[in-house]
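Results of the structural survey
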Amino acid sequence: MMSDQDPVVGIDLGTTNSVVATVRDGVPRVIPNRSGQPLTPSVVAVAKNGKPLVGSLAKRQAITNAENTVYAAKRLIGRRWGSKEVEDARRVLPYELVAGPEGNDIRVMLGGRPVSVAEISSQVLAELKADAEAWFGGPVTRAVITVPAYFNDGQRQATKDAGRIAGLEVLRIINEPTSAALAYGFGKKLEKKVVVFDLGGGTFDVSVLDIGQSVYDVVAVGGDTYLGGEDFDRRIMDWLTFNFAKENGGVDLRQDKMALQRLRDASERAKCELSGTPTADIHLPFLAAAGEGKAALHLTKQLSRDKLEELTKDLVERCIAVTEKTLKDAGVRPNQVDEVILVGGMTRMPRVQRAVRDYFGKEPCKGVHPDEVVALGAAIQAQALAAPAAQGGEVLLLDVTPQNLGIMVVGGYFQTIIPRNTTVPTNQTHLFTTVQENQTSVRIAVLQGESDKATDNELLGEFVLAGIRPARRGEVAIEITFDISADGIVGVSARDVDTGQEQSINVTATSGLTEDELKRIIDAHLDDQLEKKQSSADLERARARVAATVDEIEGLVPAVQKALERSRFGRDAVQKAEGVLARARLAQEGKDTDELASVAEALDRTLQLFKGLAATPPDGA
Ligand code: AMP
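Going along each chain's sequence as written, the residues are numbered from 1 onward. Given that this is a predicted model, residues contribute local features only at a pLDDT of at least 70 and side-chain atom pairs are listed and counted only at 80 or more, while totals for whole chains, interfaces and linings are drawn from all residues. Water and hydrogen atoms play no part in the side-chain values, which are based on all heavy atoms of the structure.

1. Points about the overall build of the protein
Put simply, the rule reads: Only DSSP runs of H or I with at least four residues qualify as helices, and only runs of E with at least two residues qualify as strands; both kinds are numbered from the N terminus onward. Burial classification: accessible surface area is computed with a 1.4 Å probe over protein chains only, and a residue below 20% of its type maximum counts as buried, one above 50% as exposed, and the rest as partly exposed. Working rule for contacts: check all heavy atoms of both residues, and any pair within 4.5 Å makes them a contact. Methods summary: accessible areas were calculated by the Shrake-Rupley approach with a probe of 1.4 Å, and residue burial reflects only the protein chains presented. Charge counting follows a simple rule: Lys and Arg are positive, Asp and Glu are negative, and His as well as the terminal groups are ignored. Think of each charge as sitting on NZ of Lys, CZ of Arg, CG of Asp or CD of Glu.
The secondary structure content of the protein amounts to 14 helices and 27 strands. Along the longest, intermediate and shortest principal axes, the C-alpha atoms of the protein span 115 × 70 × 55 Å. A burial count over the protein gives 51% of its 621 residues as buried. Partitioning the contacts of the protein with sequence separation of at least 6, the portion at a separation of at least 24 is 66%. As displayed, the protein offers around 28700 Å² of accessible surface, 50% of which is attributable to carbon and sulfur atoms. Both charge centroids of the protein, one from 74 positive and one from 87 negative side chains, sit 3 Å from each other.

Set out below in structure tokens:
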């Protein structure tokens, strides 16, 4: 049962890792997962035996089961099938992507079944929810989830859907850098101009904020949803495969999924190591077959920090170029920034830190934990939304929309209706008139993006406004209102100015899941949870039965011992009983209800025997 008293959490749903946090006794803190770790890998898999796996268990088997292990789903969420980004991803991902039933979104082939990306992400969210429930010892049903500031409507919508599938009421979708700033400023009563530089596993985000007391006013955001740690890893992989081919007569490692996964892991490890050391050794024995009758090929290579910096120079430059553009949008010069907060695992790379320092002319702030700060901010926001009064001073977040929102106009051009960096929530009304005699419908394509050419931007949806009264062209005025919610999600409504008649129009969300499909998935998921709950109730019952019988047997032990002192009978049976009790202790720790039932029967037999023995008169009496 959901209740307002249930705890609320903040979730950083990351490309590589995810984190869940909460505010307890006024202090934001990370909730460790059930293995005691603060970070949970954002990896979902179906094991070779058909078992679904999430987190580190899924990550651990990625090498041997690459086709059925999905990582970096965040790079695909809310994307359209056929887009350049998806085509690029298809070339490098070891798992297969197919088009959704409507042909516009992506499905991942997992365990032989096409699965929507929102469902994949929902499994990571469900895992974090379960971790939080284990930690609180009760249900957790409400959360704030963070997304890169640069996510468009489709990506936000799909993330929200993922939350719903996981059984969470998503209180708000907030931007990761804003969230980081919230955690940074928490309880400090600052008056500062702050830049959050967030380079994660898959995305880069930069935000400029004015923090004044408890008001967090985002002035401008910028970013690139296809720039992150994995691009750095791929540069190392490319360098390794190129050199390997050169040294081994053209053997192409890219053809071998298992070898690729090992290379990916080793590349990431080397990259992280090089943040602390000048060189890293990469050693991958038995990486490839050399051919019939020949020994397997090993890869041994040393990578220096200098070489890594050379291989990834343009990626770091891209981060700075995006930062420059965002500062320009904000009308702020680098030297006017009071503090630069580094967020995301990739900001541990010394070259990245150096680039930031050189650009801003000051040391970035090292006071926040780059992996945890986003989840902590989300927890603060969740707490403020759930119980603002209890919060003491409220936190006011004034975020902005990251990309221009507009429509396609004659000639395939893009007309902006709500410009980027407008504070959300917001709405804008636009007046349309008919362009033909007796026109009874208009078709409107809603897009988000930076280009003047409509087709270069992301199509959020198209709708047809029908039922317009026939009249001379230009006579009918239709007022269309575009709004962006505090989540950054887009809505559209239309009104005939003369008649006042309103039409509510849904821009089809690009999460790819229709409302029906979403409901079906949520129902199936609830059934699953119910099944799990039922089976956990069965487990508790079986354990209780075993515990009660063990207690009863142990209660009889003194009487049985006395009886054995008096009689030779039953000594063998008592030895066997010890075995049964040991088995019972083991079964009580496990989750196998069949084993518990079988132990319970053996215990029943022992109990009857003990009762009999306790009542046995001395031999020969
Ligand atoms: P995040 O999405 O914030 O969890 O960032 C994850 C990215 O940070 C991954 O690409 C990691 O490989 C990278 N990362 C983590 N630790 C380090 C490190 N010490 N040096 C360089 N990159 C790192």
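2. Details of the domain arrangement of the protein
Bring the parts together and some accessible area is lost; that lost area is often taken as the interface size. Heads up, the rule is: All domain edges in this entry derive from an automatic or database-based domain assignment. By buried area we mean how much accessible surface two parts lose on assembly, using a 1.4 Å probe and totalling the loss over both.
Per the domain assignment, the segments making up the protein are domain 1 (8–227 + 316–398), domain 2 (229–313), domain 3 (404–507) and domain 4 (519–614). Measuring from the centre of the C-alpha atoms in domain 1 to the corresponding centre in domain 3 gives 31 Å. Of the residues lining the interface, 17 residues belong to domain 1; the matching set on domain 3 comes to 13 residues. Here domain 1 meets domain 3 over a buried area of about 1400 Å², counting both sides, of which 40% is carbon and sulfur.

3. Brief notes about the sheet that holds strand β6 (residues 52–54)
Rules: DSSP calls a pair of strands paired once it identifies at least 2 bridges connecting them.
Read from one edge to the other, the open sheet built from three strands follows the order β6-β5-β7, with strand pairing classed as antiparallel. Lying at the two open borders of the sheet, with one neighbouring strand each, are β6 and β7 (69–70).

4. Re helix α3 (residues 117–136)
One turn of an α-helix holds 3.6 residues; hence residues three or four places apart share an orientation. Note the threshold: By this rule the span expected of a helix is its residue count minus one, scaled by 1.5 Å.
Over its 20 residues, α3 extends 29 Å from the first C-alpha to the last, a length consistent with the 28 Å expected when each residue adds 1.5 Å. Phi turns positive, to about 70 degrees, at G137, one or two residues after α3.

5. Focus: the site of the ligand
As a reminder of what qualifies: One heavy atom suffices: a residue is near a molecule or strand as soon as one of its heavy atoms comes within 4 Å of it. Two N or O atoms count as a polar contact when they lie within 3.5 Å, although within protein this holds only if one can serve as hydrogen donor and the other as acceptor, and sequence-adjacent residues are included solely when both atoms are side-chain atoms. As a working rule, the residues Ala, Val, Leu, Ile, Met, Phe, Trp, Tyr, Cys and Pro are called nonpolar, Asp, Glu, Lys and Arg charged, and the rest polar, with Gly in that last group.
Around the ligand, a shell composed of T16, G200, G201, G229, E268, K271, C272, S275, G344, G345, M346 and R348 is seen. Interatomic distance of 3.0 Å between a backbone N/O atom of G345 and an oxygen atom of the ligand. Burial of the ligand by the surrounding chains reaches 85%, relative to a free accessible area of 510 Å². The element that contributes the greatest number of residues to the shell around the ligand is helix α7 (residues 257–273), accounting for three residues. Grouping the constituent residues of the shell around the ligand by class yields two nonpolar, seven polar and three charged. Among the domains, domain 1 (8–227 + 316–398) and domain 2 (229–313) are the pair contributing at least three residues each to the shell around the ligand.

6. A look at the packing of aromatic side chains
Each aromatic ring pair is characterised by the separation of its centres together with the angle its planes make. The test is simple: Side-chain rings of Phe, Tyr and Trp, where Trp is taken by its six-membered ring, are said to pair if the distance between their centres is within 6.5 Å; with planes under 30 degrees apart they count as stacked, over 60 as edge-to-face, and otherwise as tilted. Consider the ring centre and the ring normal. A charge sits over the ring if Lys NZ or Arg CZ is within 6 Å of that centre and within 35 degrees of that normal.
Taken as a whole and assessed by the stated rule, the structure comprises four aromatic pairs. Lying across the ring of Y184, K188 places its NZ or CZ 4.0 Å from the centre.

7. Let's talk about the pattern of salt bridges
Under the convention used in this document: The salt bridge criterion pairs a side-chain nitrogen of Lys or Arg with a carboxyl oxygen of Asp or Glu, the two atoms within 4 Å.
Overall, the coordinates contain 32 salt bridges when judged by the stated rule. Between R91 and D88 there is a salt bridge, with its nearest N and O atoms 2.6 Å apart. One end of the pair is R91 and the other is D88, both in helix α2 (residues 84–92) and three residues apart, which spans about a single turn. The class for R91 is exposed, based on a relative accessible area of 64%. Given a relative accessible area of 29%, D88 falls into the partly exposed group. R318 is paired through a salt bridge with D224; the nearest N and O atoms lie 2.9 Å apart. Of the two residues, R318 is situated in helix α9 (residues 313–330) and D224 in strand β15 (residues 215–224); the sequence distance between them amounts to 94 residues. Within the structure, one salt-bridge network assembled from shared partners comprises R75, E230, D231 and R234.

8. Brief notes about the sheet that holds strand β20 (residues 405–409)
Let me state the cut-off plainly: The axes are straight lines fitted to the C-alpha atoms, using for helices just the contacting stretch, and the angles between their N-to-C directions are given from 0 to 180°.
Strand order in the open sheet formed by four strands is β21-β20-β23-β24, and the pairing between neighbours is antiparallel. A strand with exactly one partner marks an edge of an open sheet, and here the two such strands are β21 (413–418) and β24 (458–465). Between one strand axis and the next, the sheet turns by 30 degrees as a mean value, whatever way the strands run. The sheet contact formed by strand β23 (residues 442–448) and β24 spans seven bridges and is antiparallel. The partner of A445 across the bridge, within β24, is E462.

9. Digging into the environment of S207
For S207, the location among the structural elements is in strand β14 (residues 204–213). Judged by relative accessible area, which is 0%, S207 ranks as buried. Along the sequence, S207 and I341 sit 134 residues apart, while their C-alpha atoms lie 9.9 Å from each other.

10. Overview of the environment of T440
With respect to the secondary-structure elements, T440 resides in the loop between β22 (426–433) and β23. Taking relative accessible area as the criterion, T440 reaches 39% and is therefore assigned partly exposed. Setting aside anything within four residues of it in sequence, one finds T440 in contact with L465, A466, G467, I468 and P470.

11. A look at α9
Threshold: Within this analysis, the arc is defined by the directions that extend from the helix axis to the C-beta atoms.
Its 18 residues place the ends of α9 26 Å apart at the C-alpha level, agreeing with the 26 Å of an ideal helix rising 1.5 Å per residue. Buried within α9 we find L315, V316, C319, I320, V322, T323, T326, L327 and A330. In a view along the axis of α9, the buried residues occupy a sector of 160 degrees, so they form one face of it. The exposed residues of α9 that point more than 90 degrees off its buried face are K313 and K328. In this fold, the buried residues of α9 make contact with β13 (190–199), β14, β15, α6 (229–247) and α10 (350–360). Of the residues trailing α9, G331 is marked for its positive phi of about 70 degrees.

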